[in-house]
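Each chain, letter by letter, is given below.
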Amino acid sequence: MDSRRSSRAVIDPKVRQVGFFTSAPLPPDRTQSDPPDPIRSPPLADASSPGNSLSPVMIPPPRHPSDSLLRLPHSPSDAFPPPSPTTTTTSLGDFSDDVTAASSPPPAAARVRGRGSSVKQQGAASSFPGGGFEVPPSVKAPSSVPASGLTTVSVVKLPPGISENAGGSVSVEVQSDRALNSKPLKEKTSKAERRAIQEAQRAAKAAAKAEGIKTPAVTALANAKSAKSTKPSPQRNDSAVVVAASEKKGGDRSVEKDRKKDVPHPRMQYDDKSRVQKLKKRSVVKPTEARNRVELFRHLPQYEHGTQLPVLQSKFFQLDTLHPAVYKVGLQYLSGDICGGNARCIAMLQAFQEAIRDYSTPPAKTLSRDLTAKISSYVSFLIDCRPLSVSMGNAIRFLKSQIAKIPISLSESEAKATLHSDIERFINEKIILADRVIVKHAVTKIRDGDVLLTYGSSSAVEMILQHAHELGKQFRVVIVDSRPKHEGKLLLRRLVRKGLSCTYTHINAISYIMHEVTRVFLGASSVLSNGTVYSRVGTACVAMVAYGFHIPVLVCCEAYKFHERVQLDSICSNELGDPDSISKVPGREDINHLDGWDKSENLQLLNLIYDATPSDYVSLIITDYGMIPPTSVPVIVREYGRGQLWIYEECDPLASPGRCSDAVFFVDGLIFYPSQHLVLSFWFPDRPPSGLNNDLLERSDNFVTVAENGNFTNFEL
Amino acid sequence: MPDTQALVMTFLTSLKNATARQTAELLRSVISQQRVPYTNQAGALIDAVKAVGEQLIAANPVELAVGNIVRRVLHIIREEDLSLTTAAIGELNLSAVSDDENDDDRDGNTTLSAAAVAAAARSTLRPPSLQTLLEDTPVSAAVPQTSSSGGDSEGKTADKSSRSRKLKHDVIEAVNELIQDIVTCHEQIAEQAVEHIHQNEVILTLGSSRTVSEFLFAAKEKKRSFRVFVAEGAPRYQGHLLAKELVARGLQTTLITDSAVFAMISRVNMVIVGAHAVMANGGVIAPVGMNLVALAAQKHAVPFVVLAGSHKLCPLYPHNPEVLLNELRSPSELLDFGEFSDCMDFGSGSGSPLLHVVNPAFDYVPPKLVSLFITDAGGHNPSYMYRLIADYYSADDLVVQRRAIAGN
């Protein structure tokens, strides 16, 4: 076992390298993998995809499905709810040629690509008709992976009708086990490499499984495609050779870079003196240190509250570096006028929209670089006003990646229009539509006679409650609130106005009120990769008590708030609010014990803003991709964080098994619908779907084999 | 008697902030003013105390300490009576051996022996405690003999009158002792502080309790330096008060909101809280929010220590304590009526108001969440509470209600 492991460990990066280097001819600004950038503008897509197809050979993208090749304008016919009319289906469209060919004017990049996983067998080539594959081992292997026994077989497949234009490529990389084992052990593996190794092992396992069953199917598939692929094959060979020689090293390095990018940046630690000094020099806001800092939270910014706002307001007309819209939003954050993850994110993006509109590239600078720097300075100003939420961080990452992706050829006004619509679409699809989908999902979980408990004030939960009420469901709401913000009061007022029957209480009474509750709906500021729900402080308490009472806890969170970071407690990363609001109780003048005492050395007032709810307490996370268990969060982050949008569906696949008779269930919880080319929500590992005639298939990193009417097809995810 | 009645009435009106000590003092005056008949003085005292106790308990059933003290006083009367009787029987036994045969003519007027039998019988009804088991053995063995025996009647009446005074006196003495215990229980509990708090400890507490603050001060005085997180304990915000006291004593104190308890508890070494009452099963009736703290402590395996004076031990087993042993306080503590007046359209429209506000005063912490009780009698497991309670109360008094057929 060990020996196999190590041998694969060696091989795998090479496999990646092969895959990558075939993609090298892509325009350089597109090859990198990006931070999540879920939405692409239609003009950009239109502009770019023909550009890609002009390259002599259509080559599969490097690693991440977020790649530009998949950018196709969307045809309304095969969209589900049309949340993202432009790009949602692009990545799905390439699952079958005819659909995409019919629906999308530019050539569909229908690719079937296996990374040593799809068709892996000894003597693999023999099972494939020779015509189906160019026989590249001789060409490719020596150049790309010298001295390895790896054989790579690439098939270029074209959509019918536009085959001359190099519509797509199918590359099937075949490795032999013997070759794997023969590779000598490499001494050092970096973190990224080790991860790659793991993935490769999974892929290999999947392949081994597939080998027995699916080889004929794959052959058939290959056969079918062979005819189409014969023509461009010589072309491809040529380019491959050229590329192999020139791009190999660079490709390898950039893959490494991609890998490193996966690891989230360490956050700013405020107990690091030198960095804090550096930060202070740059920042516009000059906060004063809080008097009594809480020792435990030295790593977080602890500043005097209430002093910055007037200072900043007076500076309003002196700041030339900042756009007024950004400035205004910053002040609103500071004063607390805008709070709540979605509201803050939308406000920020709209401010950026305005800033971009008024932006003009200074002479002798490129738009993408200068604008990115500008945005960064805005962001650091906003951070000074209030630390960013995860959702805002994700939105900024998206925006920056979109800026970086703007081709140099694009004129400034075009680029600005593109960015404008990008932001617009991010807001629409990732926040507004996502909320709508969440509401649709969540309403199915509300029955007549339910008593729903919610904590604080979450926009998503509020929408759910209102929608359920509009649907005529009979239920009661318990609103639990806490000091010092008392956000629940506002929610209470709004719900009572709408005619919902509400019970209001404070968080200490949670054990009392939990007896009558049947469901707990919670909002979240972020959901982290280990399933931890990062939310308003007190959420963990509510979830804990609900768990103790065996009451389901449903967390409603848009997928753009998911983050790959992990966190175990609420100490390491948090935000501190104004300590003075702890010592004063508004409306209760009799509580004045601490008047004058807060200057004391020994007294610290701690106003935590967030806490981390362990995933054990969460029964279900309702996102725009469906209802998932907390264990599936990393899957969402990995599969969807890369930037593409998948079509999601309103129906609960488990509730209507007939609907998903052709569904394929993967062991990691993904459900795939070949007939509709959909990847749907997730099934629960502890509650496998029954009455379905599909086997659970194992899935490699980005490649699946799917049974379809007795035929097996390989699809890239 | 009217005096006591007046006292009881004033006490009832002020029961909102009654303490165990006040109850005991009240009962002491009830006892001292109670005229004692020659026969069955204990019974008369018990009846009198029960009558008052019933009123007190009915006035505020949630204030369990009051009921506890009533039961403690009843128990004291019984104990004192018993000890007097045993002493008397000790004397009688000597004579009983001699005149064993001529007992038939005497038993008409030996009411005392009947009372002794009753007391002895009651004492056997009491749940056995190691102490009473050892002490009672000779008594119960003696009972058959004494029942059929009697002293000479004139000697006995003199004896009785002196004893009746003695009983009352003894009872008052014992009640005084009880009051003293209640007063000093804080110090007795605080004495154990150094055994539980070590250097650099981080302690979390919720709300404010005199026992807890004394406990912490005692540890501080012993030169232990430690830090305290105080959860403010909404909606009474007693935590602010405690924080102020702790800061005044020079302790490092951090005041947090109740919602931050879960976030902070992972860095806490020990949770130390006070209690409103401790039930016989080891469950705790405590200020609202305590169950939250206890659950969080259990999740993070932080010891949850409850400090309670022995007068807070309640001999009752809780049934649905969250509802039955709770008190709903005014919604105005949570919501400003003026602010929400537009939402509170009671009676108008559909009839049932849309807005409810729940503001309970107490929480029930089940025994499995409690790591340790520290009482003035030392530290105990929750599972041991029932046993401790048997030492303080007699089984007869668990239901403080005059029987339909009262004795005599």
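Only a predicted model underlies this, so the values are computations on that prediction, with no experimental measurement involved.

Definitions and limits used
Residues numbered from 1 in each chain as written. Chains lettered and ligands numbered in written order. Predicted model: local features only at pLDDT ≥ 70, side-chain atom pairs only at ≥ 80, totals over all residues. Heavy atoms only, no water. Helix = DSSP H or I, 4+ residues; strand = E, 2+ residues; numbered from the N terminus. Contact = heavy atoms within 4.5 Å. pLDDT = per-residue confidence, 0-100. Core = buried A, V, L, I, M, F, W, Y, C linked by side-chain atoms within 4.5 Å. Buried < 20%, exposed > 50% of the residue type's maximum accessible area, 1.4 Å probe, protein only. Pairing = 2+ DSSP bridges. Buried area = accessible area lost by both parts, 1.4 Å probe. Salt bridge = Lys/Arg side-chain N within 4 Å of Asp/Glu carboxyl O. Phe/Tyr/Trp six-rings, centres within 6.5 Å; stacked < 30°, edge-to-face > 60°. Lys NZ or Arg CZ within 6 Å of the ring centre and 35° of its normal.

Participant: Please explain the side chain of A:Arg386 as it appears in this structure.
Facilitator: Along the chain, A:Arg386 turns up in the loop between α15 (367-385) and α16 (390-405). Excluding residues within four positions of it along the chain, A:Arg386 makes contact with A:Tyr333, A:Ile338, A:Cys339, A:Arg344, A:Glu575, A:Ile609 and A:Tyr610.

Participant: Any chance you could explain the confidence of the model for chain A here in plain terms?
Facilitator: Close inspection of predicted coordinates is inappropriate for parts of the model with low pLDDT. On average, residues of chain A score 67 in pLDDT, and 50% of them reach the 70 mark or higher. Overall, residues 643-660 of chain A carries pLDDT values under 50, and its contacts beyond four positions in sequence, including any with other chains, amount to 71 contacts.

Participant: I would appreciate a short explanation of the nonpolar core in the present structure.
Facilitator: Generally speaking, nonpolar side chains in soluble globular proteins are found buried as a group. If you look at the biggest cluster of nonpolar residues, it comprises 88 residues, and the most contacted ones within it are A:Leu453, A:Met514, A:Val520, B:Val271 and B:Phe304. Among the nonpolar cores identified, the runner-up in size contains 41 residues, and A:Tyr333, A:Leu349, A:Cys385 and A:Ile406 belong to it.

Participant: Please explain the sheet that holds strand β8 (residues 526-528) of chain A as it appears in this structure.
Facilitator: Pairing between sheet strands relies on hydrogen bonds along the backbone, with the strands arranged either parallel or antiparallel. Residues and elements named next belong to chain A. If you trace the 4 strands from one edge of the open sheet to the other, you get β11-β8-β9-β13, paired in mixed fashion. Looking at strand neighbours, the two that pair on one side only are β11 (562-563) and β13 (610-613), the edges of this open sheet. Pairing between strand β9 (residues 533-536) and β13: 4 bridges, direction antiparallel. Its bridge partner being in β13, valine 533 is matched across the sheet by threonine 613.

Participant: Explanation requested: the interface of chain A and chain B in the structure shown.
Facilitator: Accessible area lost on assembly of the parts is the figure often given for the size of an interface. With 59 residues of chain A in contact, the opposing surface of chain B contributes 55 residues. Here chain A and chain B share an interface that buries about 5,000 Å² over both sides, 64% of which is from carbon and sulfur atoms. Of all residues in chain A, the largest losses of buried area upon contact with chain B belong to A:Asn508, A:Tyr512 and A:Asn602, amounting jointly to 15% of the total for that side. For the pair chain A and chain B, the number of links is 3 salt bridges. A salt bridge links A:Asp616 to B:Lys299, with the nearest nitrogen and oxygen atoms 3.2 Å apart. For the side of chain A that touches chain B, the secondary structure elements donating two or more residues are α19 (487-498), β6 (501-506), α20 (510-513), α21 (539-548), α22 (580-583), β12 (603-606) and β13 of chain A.

Participant: What is the right way to read the side chain of A:Glu575 from this model?
Facilitator: Residue and element names in this part refer to chain A. Relative to the helices and strands, glutamate 575 is located in the loop between β11 and α22. Residue class for glutamate 575 comes out buried when judged on its relative accessible area of 8%. Excluding residues that lie within four positions of it along the chain, glutamate 575 makes contacts with Leu300, Arg386, Pro387, Tyr534, Asn607, Leu608, Ile609 and Tyr610.

Participant: What is the right way to read the packing of aromatic side chains from this model?
Facilitator: The description of two aromatic rings rests on the distance between their centres and on the angle between their planes. Using the criterion set out here, one finds 7 aromatic pairs over all chains in the structure. Ring geometry for A:Phe398 and A:Phe426: centres 4.6 Å apart, planes at 25°, overall stacked. Here the residue A:Phe398 occupies a position in helix α16, and A:Phe426 occupies one in helix α17 (residues 412-443), the gap between them amounting to 28 residues. Exposure remark for A:Phe398: the relative accessible area of 1% places this residue in the buried category. The exposure class assigned to A:Phe426 is buried, which follows from its relative accessible area of 2%. A network of ring pairs unites the aromatic residues A:Phe398, A:Phe426 and A:Tyr560 as a single cluster. Sitting over the ring of A:Tyr333, A:Arg344 keeps its end group 5.3 Å from the ring centre. The ring of B:Phe217 has B:Arg249 sitting right over it, with the charged end atom 3.8 Å from the ring centre.

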